[in-house]
Amino acid sequence: AAGETEIFLDVQQAYETLANPKRRALYDATLSPQKKINLPYELKFIYSRPNMVHLDEPQMLYVIVDLEAPAEARRTPAPPLNVCLVLDKSTSMKGEKMDMVKSAANQILRNLRPQDILSVVTFSDRAEVIIPAAYHQDRLRLESRIQMIQPSGATEIYQGLEAGVKEVMRSMDSKRINHLILLTDGHTYGDEQQCLALASKIAERGIGISAMGIGQEWNDIFLDILATRTGGSSAFISEPKDIKRLLLEKFNALAQTYADDVTLEFAPLDGVELSYAFRLQPDPAPIMIDEAPLHLGSILQDGATRVIFEYIIEPKAVKSDVVALLEGTLKVLIASLPSPVPAFRMKLQR
């Protein structure tokens, strides 16, 4: 429909304004003066239209929420890591896939900072802790453990996730980035709901999951849901030769995290429906909107976190001078700060 096309173009223009520093500065200059909010992060909203119209039919509105680390945060060390690599070692991983996984895991070991904690778990139809969660000094010995991994068995992701969570929990610390990186090349059988329930449980503790699927046989929908329940993301690795690069990129991004977890909690408003939410960057991914709170993801030191919300607004909501879209609480976990960040009362309206 013509109206939907117009809204899409408005959203595209809003995103281009955010992405271009000069256009963004010009836009900011047109805004009416607002009370300065003292937050340890920068927060801005871009709307697809300046106001709503009195109509007898539903209207759509898009809002981009933009979060960034302050400039001074880009010059300070990122928080230490507590990361577990959860690696599929089923029979289908034999050959080049496993060779590349081993090479990437060993490179991650070499890249660890002294304050970082790493663990490595492998799984097929059972899990094995290859490297327990600890500070690691004797890295040559640990590299030899990784080199001895031999593919065998079927794929049961829950076995690996459960063992990985136990390792992360051993060194769980609010001053660290607590995260699992799951890498698999196949479908898991019969344990999907267990995996999703575990993801929801650890999300409450501030533990994230990033999922990486290799080749054509992995269950992309399942891994998407699994990761987004924790504010993480999933990625597709089409060729074995790309495994090392993408796994290292993911690990390096964790090492540049400013805020580990951004969540948004709100109650439904009469006549206003949040129909869709999507993280534009970093790591583009859908946001689960049927579970509370919404996990928007992390904020990196050197880039913005941008989430777009799609609203359907019924005629009954457009009766007064102001339409309230969202009234909720934004919580941001910043491990590098000495005290917790106060929750921010977030309000979207037109």
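See the structure shown above.
Structural notes, computed from the coordinates. (Residues numbered from 1 in each chain as written. Predicted model: local features only at pLDDT ≥ 70, side-chain atom pairs only at ≥ 80, totals over all residues. Heavy atoms only, no water.)

### Some thoughts on the sheet that holds strand E15 (residues 344-349)
Here is step 1 of the chain: Here 4 strands make up an open sheet; going across it, the order is E12-E9-E14-E15 and the pairing antiparallel. Whereas interior strands pair on both sides, the edge strands pair on one side only; in this sheet they are strand E12 (294-300) and E15. Put simply, the sheet's adjacent strands are angled 30° from each other on average, direction ignored.
Here is step 2 of the chain: Relative to E12, strand E9 (residues 257-266) runs antiparallel, the two being bridged by 5 bridges. Considered in E12, the bridge of Val-262 is made with Gly-297. (Pairing = 2+ DSSP bridges. Helix = DSSP H or I, 4+ residues; strand = E, 2+ residues; numbered from the N terminus. Axes fitted to C-alpha atoms, helices over the stretch in contact; angles between N-to-C directions.)

### Observations regarding the packing of aromatic side chains
Here is step 1 of the chain: Tallying each qualifying case throughout the model produces 2 aromatic pairs.
Here is step 2 of the chain: Relative to Tyr-311, the ring of Phe-309 has its centre 6.5 Å away and its plane inclined at 35°; by these criteria the two rings are tilted. Tyr-311 shares its class with Phe-309; the two are buried.
Here is step 3 of the chain: Of note, Arg-350 hangs over the ring of Tyr-47, and the distance from its end group to the ring centre comes to 3.6 Å. (Phe/Tyr/Trp six-rings, centres within 6.5 Å; stacked < 30°, edge-to-face > 60°. Buried < 20%, exposed > 50% of the residue type's maximum accessible area, 1.4 Å probe, protein only. Lys NZ or Arg CZ within 6 Å of the ring centre and 35° of its normal.)

### Details of the packing of helix H6 (residues 192-203) against helix H7 (residues 220-228)
The relative placement of two packed helices comes down to the angle between their axes together with the axis-to-axis distance.
Here is step 1 of the chain: For the pair H6 and H7, the least separation of the axes is 8 Å and the interaxial angle reads 20°. By the criterion of interaxial angle, the relationship of H6 to H7 is roughly parallel. For the element pair H6 and H7, the recorded crossing hand is right-handed. For the pair H6 and H7, contact is made by Glu-192, Cys-195, Leu-196 and Ala-199 and by Phe-222, Ile-225 and Leu-226, respectively.
Here is step 2 of the chain: Here the contact of H6 with H7 is composed, by residue class, of 6 nonpolar, no polar and 1 charged. (Parallel < 35°, antiparallel > 145°, perpendicular 65-115°, else oblique. Left-handed = near helix turned anticlockwise from the far one by under 90°. Contact = heavy atoms within 4.5 Å. Nonpolar A, V, L, I, M, F, W, Y, C, P; charged D, E, K, R; others polar.)

### Re helix H8 (residues 243-254)
Here is step 1 of the chain: If you check H8, its first and last C-alpha atoms are 17 Å apart, about what 12 residues at 1.5 Å a residue would give, namely 16 Å.
Here is step 2 of the chain: When we look at burial in H8, the residues that qualify are Ile-243, Leu-246, Leu-247, Leu-248, Lys-250, Phe-251 and Leu-254. (Expected span 1.5 Å × (residues − 1).)

That's the geometry; what it means functionally is another story.
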